[in-house]
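Given next are the chains, with one letter for each unit.
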Amino acid sequence: MATSPDEPRIGAREQGACLAFAVRLVWRADRRRLIEVIAAQLASAVGVLALILLVRSVFGTVTSTGPGAGGGRGTLVAVVLVVAIGSLSGVLRLFSSSRNRILAAKADRHVISTVLASASRAELARFEDPVFHDTVQRAVFASRSQPTMVVAMLIAASQALLTTIAVGTAFLVMAWWLLPVALLSTLPVLRAARAERDAGYGLHRRLAEDRRVRQYIEQLLTGRDGAKEVRALDLGRILHAKWDVEYQREIDDTVSWQRGYLRTRILARLGADTLILAVIGCVWWLIGSGTLSLATAVAAVTGLFLMTSRVQALGALFNGIGEALFYLMDLRTFAAGTERATDSEATPRQAAASPAGEFTALSAESIGFTYPGAARPALHDVTLTVRRGEFIALVGENGSGKTTLAKILGGLYPPDSGRLVLDGTPTPDPARLRETCAPVFQDFLRYKFTAGESIAFGRTDLPADTGAIVAAAERAGAHAFLKRLPHRYDTVLGKEFSDGCDLSLGQWQRLALARAFYRDAPFLILDEPTASLDPQAEAHLSDRLRALCADRTVLLISHRFAAVRGADRIYVMADGRVVEQGRHEELMAEDGTYARLYRLQALPYHDDTAVGTDTSHRRLSRR
Ligand SMILES: Nc1ncnc2c1ncn2[C@@H]1O[C@H](COP(=O)(O)OP(=O)(O)OP(=O)(O)O)[C@@H](O)[C@H]1O
């Protein structure tokens, strides 16, 4: 069965590079054990050669002189040697299999660690691309299952190669003319297996996205984060059914792939066996005609079986290695891709050593930005400046571009057009921007580690400082509830783990704020930092935010006008553009978008005060 033209192929050069990559990985994982395993396999293969030659010699002596004849002593020595070599080979196999297990565990760790390092280096924009996620998925697959296989197969292949050479050498001595026949008989089998392998890898590539969908559903159904809503909406059954449909697709594809190749492989196998049968017939005839001695014929036929099984095993191993190389190519491409991305920022990162506290101003000059794969730009021609010590607010309707702008200012995405200027340096290194900035995102992460670790993640360049962690928590209003946790700052914040606790959403938000304060960066980006706080806490934090951040520059994104009205400057965004800017009073006087939104938010409260009982009456009658 021919492979379809869109199925992947890797050239010999690429294969060589992948093999070198695999060997390098294993070598780096544990070179000593690798050498031990190879040495044991080598010795075992030499043992096989010695065994074949000895068996032939014993058999030759016995058939020519009879067991009780003069060669008895020599034969006995040879038989003892055969047993000793067999026993030694057994011990070597045990030794190498034990070493192999340790090597495989170490190789697994090394490779998975390579994937994790590469994934954590990847730039944020790459996470917007489904192709990147497919690559990650395949790299993770390669890291989880392939290293052990590659290690085992590489070693088994080296052993199979050595024993094949050993058997081949014995063949050359005994019946060289059977060697090409043995090799020829294995060719169709190898070709069929190779075609199947290529198609199998093609299928694996095509299924990457389906598998990601399935993983996502599995996560929803088995994780704690989704458990609440999945139950509230009774989604379990429907999600399970969706998962089943996804899985069925993979099974259908696998069945049709296997059905196609099974016939080809059976035919190839039968062809090879027929050829061997024909050769045995010839040998039989040669013995009968007296051209071949019985001893040589028996050794040759045994060798033929050994040789074909070895070559087939070797072929299967090379095929397996070839398949594993396909997967490792994914891993190699992934690792190389993220290395390239970080190489470009390696030098400026070192240059960014000046203290972040020197921050004086950050400007966006006519920046534009479109998310990868998006049809419309999220930002057009945005210009703004934040200076040291200023309290700047960004307001605007949902989807107007506030968070996107914050992500660009924080060095998470480079703008597509225009430029940023940091402290007079145009187009600053994104790493420098990230060092300068302490963000609290709307969708901040809830780390399921200890409360102390969760705050200390704000600053990873220094060892965690308990005093500073508590101070940051106090500033964010988190200390009061953290100190009441069973293990205070050492409490794990995840009920999935032993002794774990959970927090309320507002408490989580304060923890995120504490993390930003602990970062001690000069520029704070606060994206809806009070959205989950109760009115009292919100009012308290809004009042204190300026004082809490007195020595820093703050960019506050908020829909709460009470929190932004005291800002030094307010930028109003609409449809990806800055449409108004100024202080609260100026914007109210302008009577534009800001004034409209402000009044819209303030109106219900005015109604309450103005019409007091009327409003409560309306609320009551609605119930
Ligand atoms: N990762 C993304 N990929 C593609 N488009 C995105 C992505 N994130 C946001 N957008 C789009 O970019 C535009 C701006 O989104 P952004 O999150 O910046 O708005 P926002 O003003 O912060 O909204 P909100 O007030 O709801 O938080 C929106 O049209 C949104 O749909």
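Residues numbered from 1 in each chain as written. Predicted model: local features only at pLDDT ≥ 70, side-chain atom pairs only at ≥ 80, totals over all residues.

Looking up the protein in an unreviewed UniProt entry gives the name ATP-binding cassette domain-containing protein, with the organism given as Streptomyces anatolicus. UniProt, in the comment section headed Subcellular location (unreviewed entry), describes the protein in these words: "Cell membrane". (UniProt positions renumbered as here; feature names shortened; annotations may be inferred.)

A. Inspection of the overall build of the protein at higher detail. The helix and strand inventory of the protein stands at 20 helices and ten strands. In the protein, buried positions account for 32% of the 623 residues. Sequence separation of 24 or more characterises 77% of the internal contacts of the protein that already satisfy a separation of 6 or more. (Helix = DSSP H or I, 4+ residues; strand = E, 2+ residues; numbered from the N terminus. Buried ≥ 20, exposed ≤ 12 C-beta atoms within 10 Å, placed from the backbone. Contact = placed C-beta atoms within 7 Å.)

B. View of the packing of helix H6 (residues 208-222) against helix H8 (residues 236-288). Two elements in contact, H6 and H8, have axes whose closest approach is 10 Å; the angle formed by their N-to-C orientations is 155 degrees. With respect to their mutual orientation, H6 and H8 come out roughly antiparallel. For the pair H6 and H8, the sense of crossing is left-handed. Contact with H6, carried on its side by Asp210, Val213, Arg214, Ile217, Glu218, Leu220 and Leu221, involves Gly236, Leu239, His240, Lys242, Trp243, Glu246, Tyr247, Arg249 and Glu250 of H8 and no other residues of that element. Considering only residue class, the contact of H6 with H8 consists of seven nonpolar, two polar and seven charged. (Axes fitted to C-alpha atoms, helices over the stretch in contact; angles between N-to-C directions. Parallel < 35°, antiparallel > 145°, perpendicular 65-115°, else oblique. Left-handed = near helix turned anticlockwise from the far one by under 90°. Nonpolar A, V, L, I, M, F, W, Y, C, P; charged D, E, K, R; others polar.)

C. View of the nonpolar core. Ile455, Ala473, Ala514, Leu555, Leu556 and Ile570 are the most contacted members of the largest nonpolar core, which totals 67 residues. Broken down by element, this core gets its largest block of residues, seven residues, from helix H15 (residues 505-519). Residues contacting Ala473, with those up to four places away along its chain left out, are Ile455, Ala478, His479, Leu482 and Ala514. By size, the runner-up hydrophobic cluster in this structure holds 34 residues, among which are Leu25, Ala29, Ala160 and Tyr327. (Core = buried A, V, L, I, M, F, W, Y, C linked by C-beta atoms within 7 Å.)

D. Local environment of the site of the ligand. In the vicinity of the ligand, 13 residues are found, and the nearest of them are Tyr371, Ala378, Asn398, Thr403 and Thr404. Tallied by class, the residues present in the shell around the ligand amount to three nonpolar, eight polar and two charged. (Near = placed C-beta within 6 Å.)

E. H15, seen in detail. Taking 1.5 Å of rise per residue, the 15 residues of H15 would be expected to cover 21 Å, and the 21 Å separating its terminal C-alpha atoms lies within 8% of that figure. Among the 15 residues of H15, twelve are classified as buried, and the element is accordingly described as predominantly covered. Taken residue by residue, H15 has Gln507, Gln509, Arg510, Leu511, Ala512, Leu513, Ala514, Arg515, Ala516, Phe517, Tyr518 and Arg519 as its buried positions. Packing partners of the buried residues in H15 comprise strand S6 (437-440), helix H12 (451-456), helix H13 (466-476), helix H14 (479-482) and strand S7 (523-527). (Expected span 1.5 Å × (residues − 1).)

F. View of the sheet that holds strand S4 (residues 417-422). Reading across from one edge, S2-S1-S4-S5 is the order of the four strands in this open sheet, with antiparallel pairing throughout. Each having just a single partner strand, strand S2 (379-387) and strand S5 (425-426) make up the two edges of the open sheet. Note: strand S1 (residues 361-369) against S4, five bridges, orientation antiparallel. In the sheet register, Ala364 faces S4, and the bridge partner there is Leu420. Here helix H10 (residues 402-409) sits on the sheet and contacts S1 and S2; the angle it forms with S1, its principal contact strand, is near 125 degrees. (Pairing = 2+ DSSP bridges.)

G. Seen up close, the packing of H13 against H15. Where H13 contacts H15, the axes come no closer than 8 Å and their chain directions differ by 125 degrees. What the angle tells us is that H13 and H15 run oblique. The handedness of the crossing between H13 and H15 comes out as right-handed. In this structure, H13 uses Ala468, Ile469, Ala472, Ala473, Arg475 and Ala476 to contact H15, whose residues at the interface are Arg510, Leu513, Ala514, Phe517 and Tyr518. Looking at the contact of H13 with H15 residue by residue, the classes come out as nine nonpolar, no polar and two charged.

H. Seen up close, the sheet that holds strand S9 (residues 569-574). Taken in spatial order, the six strands line up as S6-S7-S8-S3-S9-S10 in an open sheet, and their pairing is mixed. The sheet is open, and its two borders are formed by S6 and strand S10 (577-582), each paired with just one other strand. The average angle at which neighbouring strand axes cross in this sheet is 20 degrees, direction not considered. As paired elements, S7 and strand S8 (residues 553-557) share five bridges and run parallel to each other. Paired with Phe523 across the two strands is Thr553, which belongs to S8. Relative to S6, H15 is tilted by about 180 degrees, and along the sheet it contacts S6 and S7.

I. Layout of unusual backbone geometry. For Arg488, which is not a glycine, the phi torsion comes out positive at approximately 50 degrees. Among the structural elements, Arg488 can be located in the loop between H14 and H15. A tally of 14 C-beta atoms within 10 Å means that Arg488 is categorised as partly exposed. Even without being a glycine, Asp499 presents a positive backbone phi close to 65 degrees. Take Asp499: it is sitting in the loop between H14 and H15. Given 10 C-beta atoms within 10 Å, Asp499 falls into the exposed group.

J. Structural context of helix H1 (residues 12-29). Counted at 1.5 Å a residue, the expected span for H1 with its 18 residues is 26 Å, and the 25 Å between its end C-alpha atoms agrees. Three or more residues of H1 are buried, namely Cys18, Ala22, Leu25, Val26 and Ala29. When H1 is viewed along its axis, its buried side chains cluster within an angular range of 90 degrees and face the same direction. Opposite the buried face of H1, by more than 90 degrees, sit the exposed residues Ala12, Arg13, Gly16, Ala20 and Arg24. (Arc of directions from axis to C-beta.)

K. Spotlight on the pairing of S4. As paired strands, S4 and S5 are joined by two bridges and run antiparallel to one another. Bridging across to S5, Leu422 finds its partner in Thr425. In this structure, the hairpin formed by S4 and S5 is closed by a connection of two residues, where Asp423 is found at a positive phi of approximately 50 degrees.

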